Amino acid sequence: MNKTLRKPWTYVLFLLPLLVLYIMFFIYPMISAAITSFMKWNGLTEPKFNGLTNYKHAYHDAKFWDAVLNNGKFILFSVFVQVPIILFFSLLISNVKKLKGLYKTAVFVPSVMSTAVIGILWSFIYEPDIGLFNLALTKIGLQPVMWLSDSQWAMFSILITNAWQWTGFYIVMVLAAILSIPREIDEAAIVDGAGAFTRATRITVPLIMPVISVVIMLSIAGAMKAADIIIVMTKGGPGGVTDVMATYLIKYGITNAKYGYGNSIGVLIFVFSLMLTALYQVLVARRVERVEY
């Protein structure tokens, strides 16, 4: 057995099935999409090369840039609203003495639920007549809100739903980092007279910054590929105000049978995501020092 493991071809044979699947389902579709993005194709006739026409169309397409802006809203909401909430609840649960496992399970449950189920569930919560939110508003004398059909509230409603689904997943990640901090560090701070807020801001948060950095990067990546929750709840409506780049791609690439233009949008999503993650790595992530206890 040891002689077999010393042969390089043994490792190649183990990796070969995974490599084949990776090429089939990632590399080939990516290359195919990049090539098709330079063509005019409706999925039925022979593709015709049209150069940069699809990219020029995207550059001058106001609706596409509205979709890009909505992706930006996802990113800003995730980083500046969702991440602080994640940090707050992680610190809160870490200090609970009893039923800590129950709280961790409770916050994690939404992240393992199907997006379709969550979208339908929250659609009932946002329902204009019998929805939970509007019933609460009418109880305090306010007018009901058309959460998903009003252009002023539709995007905000989706952001709330998306955050509810994934916040628990990130809480568990951050909580694991907090609980891995040696107890002696916290006890030493208590002996020195540090209060709970001081210990959280001066000790706990700096020590878990590498994990927080990962959470932020995952949130950015998730915001760039957000589509399923929007399709389930609004299908990009009303009037396209909740469209993001992925849902806009689906409309043009599948619904309207403009596969060339749809693939060009897919390539732009990839490029934008690569640029954002690279910028974050260079400007923020590399400055976060790794902590060893």
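Here the structure is a predicted model, which means the values were calculated and not measured.

**Student:** Would you mind going over the overall build of the chain with me for this structure?
**Tutor:** Looking only at helices and strands, the chain features 14 helices and two strands. In terms of overall dimensions, the chain has a C-alpha envelope of 80 × 75 × 35 Å along the principal axes. Positive and negative side-chain charges of the chain, numbering 23 and 14 respectively, have mean locations separated by a distance of 8 Å.

**Student:** Sorry if this is basic, but what is going on with the UniProt feature "transmembrane region" (unreviewed entry) in the chain here?
**Tutor:** Within the UniProt annotation, "transmembrane region" (unreviewed entry) is assigned to residues 12-31, 74-93, 105-125, 163-182, 203-224 and 265-285. Counted over residues 12-31, helix gives 100% and strand 0%. Its end C-alpha atoms are 24 Å apart. Annotation note: span residues 105-125, helix share 90%, strand share 0%, distance between end C-alpha atoms 23 Å.

**Student:** Honestly, the packing of aromatic side chains in this entry has me stumped. Any pointers?
**Tutor:** Each aromatic ring pair is characterised by the separation of its centres together with the angle its planes make. Per the counting criterion, the structure on display carries 18 aromatic pairs. Centre to centre, the rings of Tyr126 and Trp147 are 5.9 Å apart; their planes meet at 40°, and the pair counts as tilted. Taken as a pair, Tyr126 in the loop between helix 6 (115-125) and helix 7 (132-139) and Trp147 in the loop between helix 7 and helix 8 (154-179) lie far apart in primary sequence, 21 residues in all. For Trp147, a relative accessible area of 10% translates into the label buried. By way of ring pairs, the aromatic residues Trp122, Tyr126, Phe133, Trp147, Trp153, Phe156 and Trp164 are connected into one cluster.

**Student:** Whenever I open this one, the nonpolar core confuses me. Can you help?
**Tutor:** Core analysis: the biggest nonpolar cluster contains 60 residues, and Phe64, Phe74, Ile208 and Met245 have the highest contact counts within it. At twelve residues, helix 4 (residues 62-94) tops the list of elements feeding residues into this core. Apart from residues no more than four positions distant in its own chain, Phe74 is found in contact with Met155, Ile158, Leu159, Asn162, Ala223, Ala226, Ile230 and Val244.

Rules and cut-offs
- Residues numbered from 1 in each chain as written.
- Predicted model: local features only at pLDDT ≥ 70, side-chain atom pairs only at ≥ 80, totals over all residues.
- Heavy atoms only, no water.
- Helix = DSSP H or I, 4+ residues; strand = E, 2+ residues; numbered from the N terminus.
- Lys, Arg positive; Asp, Glu negative; His and termini not counted.
- Charge placed at Lys NZ, Arg CZ, Asp CG, Glu CD.
- UniProt positions renumbered as here; feature names shortened; annotations may be inferred.
- Phe/Tyr/Trp six-rings, centres within 6.5 Å; stacked < 30°, edge-to-face > 60°.
- Buried < 20%, exposed > 50% of the residue type's maximum accessible area, 1.4 Å probe, protein only.
- Core = buried A, V, L, I, M, F, W, Y, C linked by side-chain atoms within 4.5 Å.
- Contact = heavy atoms within 4.5 Å.

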